[in-house]
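Here are the chains, one letter per residue:
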Amino acid sequence: MNIKDKMRKRLKLGRPSLRARARPPKHRSICGSQFSAVNLPGILQLQNCTDCGHVQYPPTELCGACLGSTLIYRDTPCTGTLLAQSQLHHSLWEYFKRRIKEAPWTIASVQLDVGPVAIVHLAEGDLKTGNRVQVFSHSDASRSVVLIAVPASADITTPALRQAIIATIQLDQPAKRQQGI
C-alpha cells in the first residue's frame, strides 16, 4: 500500500463527510444490541417482566414497574396509535445529512397497544395524530434494528411487502456521495 492509499484511508476514518457511503449510526448499548439480536426483520419483540408482566421499550436491565431483573423478549402485537410526528431538517450524523438534502426525514412517536411509547421512522408522511398504525422492525444499513410505522391498513404480512416499504424510505442502503473516498 503506497502513501497515497494510506492517507486516503486515514482521511476516510477521520472525516465521515468524505466517505462515499455513509451508514446510519450504529452505537448501541448492551441492551440495544440485545434488542437488535432478538428482533428479526418484521417481527416485533419487546421486553416482558416475568415478575409483574410489564411490557417495556426501550430495553433496559431492570423492569420499569417493579425493578425485577428477569426480563425476556416475547412477540408483541405491533399495532398502536400515532401520538406525534416531526420532520428532521438538521442532523449531526452524515447519513441523515445526505438524506435531508432530498427531503425532510419523518420520525414519530407511537403509543403501542401493549403500553410503551416507541420512537419510529414514519414510512408515510400523510398520517395524522390519532391514526392507527402498525409497527415492524427492520435491520438498517448498519445492521441495527430500527422500528418503522405504516398505516394500519397497509399490508406487511410478507417480507417482500415490508422490503418494498423499506426501499421507499431508503433505509436499506447507505447514503452515497459523489466523488467520495
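Up top is the structure.
Here the structure is a predicted model, which is why all the values come from computation and not from measurement.

### Digging into the pattern of salt bridges
No. 1: For the structure shown, the criterion picks out one salt bridge.
No. 2: A salt bridge links Arg-132 to Asp-113; the nearest nitrogen and oxygen atoms lie 2.7 Å apart. Placement of the pair is Arg-132 in strand E8 (residues 132-139) and Asp-113 in the loop between strand E6 (105-112) and strand E7 (117-122), with a sequence separation of 19 residues.
No. 3: For Arg-132, a relative accessible area of 39% puts it in the partly exposed group.

### Some thoughts on the sheet that holds strand E4 (residues 71-75)
The strands making up a sheet associate through hydrogen bonds between their backbones, and the pairing can be parallel or antiparallel.
No. 1: Spatially, the three strands line up as an open sheet ordered E3-E2-E4, and their pairing is antiparallel. The sheet terminates laterally at strand E3 (55-56) and E4, the two strands that pair on one side only.
No. 2: Pairing of strand E2 (residues 45-49) with E3 involves two bridges; the strand directions are antiparallel. Residue pairing for E3: Asn-48 is matched across the bridge by Val-55.
No. 3: Where helix H2 (residues 30-38) meets the sheet, its contacts fall on E2 and E4, and the angle it forms with E4 comes to roughly 30°.

### Quick notes on the sheet that holds strand E5 (residues 79-88)
No. 1: Spatially, E5-E6-E7-E9-E8 is the arrangement adopted by the five strands of the closed barrel, whose pairing is mixed. When strand polarity is set aside, the average angle formed by the axes of neighbouring strands in this sheet is 45°.
No. 2: Sheet analysis places E7 next to strand E9 (residues 145-151), joined by two bridges and oriented parallel. Bridge pairing in E9 links Leu-122 to Ala-149.

### Focus on the nonpolar core
No. 1: Leu-82, Val-110, Val-120, Val-135, Leu-147 and Ala-149 are the most contacted members of the largest nonpolar core, which has 18 residues in total.
No. 2: Listing elements by their share of this core, those giving two or more residues are E6, E7, E8 and E9.
No. 3: For Leu-147, the residues in contact, after removing those within four places along its chain, are Phe-35, Leu-44, Tyr-57, Ala-118, Ile-119, Val-120, His-121, Val-135, Phe-136 and Ser-137.
No. 4: In this structure, Tyr-95, Ala-123, Val-150 and Leu-171 belong to the second largest nonpolar core, which totals 14 residues.

### Some points on the environment of Asn-48
No. 1: Within the secondary structure layout, Asn-48 lies in strand E2.
No. 2: Classification of Asn-48 as buried rests on a relative accessible area of 8%.
No. 3: Note: C-alpha distance between Asn-48 and Tyr-73 (25 residues apart in sequence) is 6.0 Å.
No. 4: Ignoring sequence-local partners within four residues, the contact set of Asn-48 consists of Gly-53, His-54, Val-55, Thr-70, Leu-71, Ile-72 and Arg-74.
No. 5: A polar contact is formed between the side chain of Asn-48 and the backbone oxygen of Leu-46, at a distance of 2.9 Å.

### Some remarks on the side chain of Thr-76
No. 1: Tracing the backbone through its elements, the reader meets Thr-76 in the loop between E4 and E5.
No. 2: For Thr-76, a relative accessible area of 10% translates into the label buried.
No. 3: Here the side chain of Thr-76 touches Leu-46 through a polar contact of 3.3 Å, landing on its backbone nitrogen.
No. 4: Dropping the residues within four chain positions of it, Thr-76 is found in contact with Leu-44, Gln-45, Leu-46 and Val-114.

Cut-offs applied
Residues numbered from 1 in each chain as written. Predicted model: local features only at pLDDT ≥ 70, side-chain atom pairs only at ≥ 80, totals over all residues. Heavy atoms only, no water. Salt bridge = Lys/Arg side-chain N within 4 Å of Asp/Glu carboxyl O. Helix = DSSP H or I, 4+ residues; strand = E, 2+ residues; numbered from the N terminus. Buried < 20%, exposed > 50% of the residue type's maximum accessible area, 1.4 Å probe, protein only. Pairing = 2+ DSSP bridges. Contact = heavy atoms within 4.5 Å. Axes fitted to C-alpha atoms, helices over the stretch in contact; angles between N-to-C directions. Core = buried A, V, L, I, M, F, W, Y, C linked by side-chain atoms within 4.5 Å. Polar contact = N/O pair within 3.5 Å; in protein donor to acceptor, adjacent residues only side chain to side chain.

The values reported here are purely geometric and, on their own, carry no functional implication.
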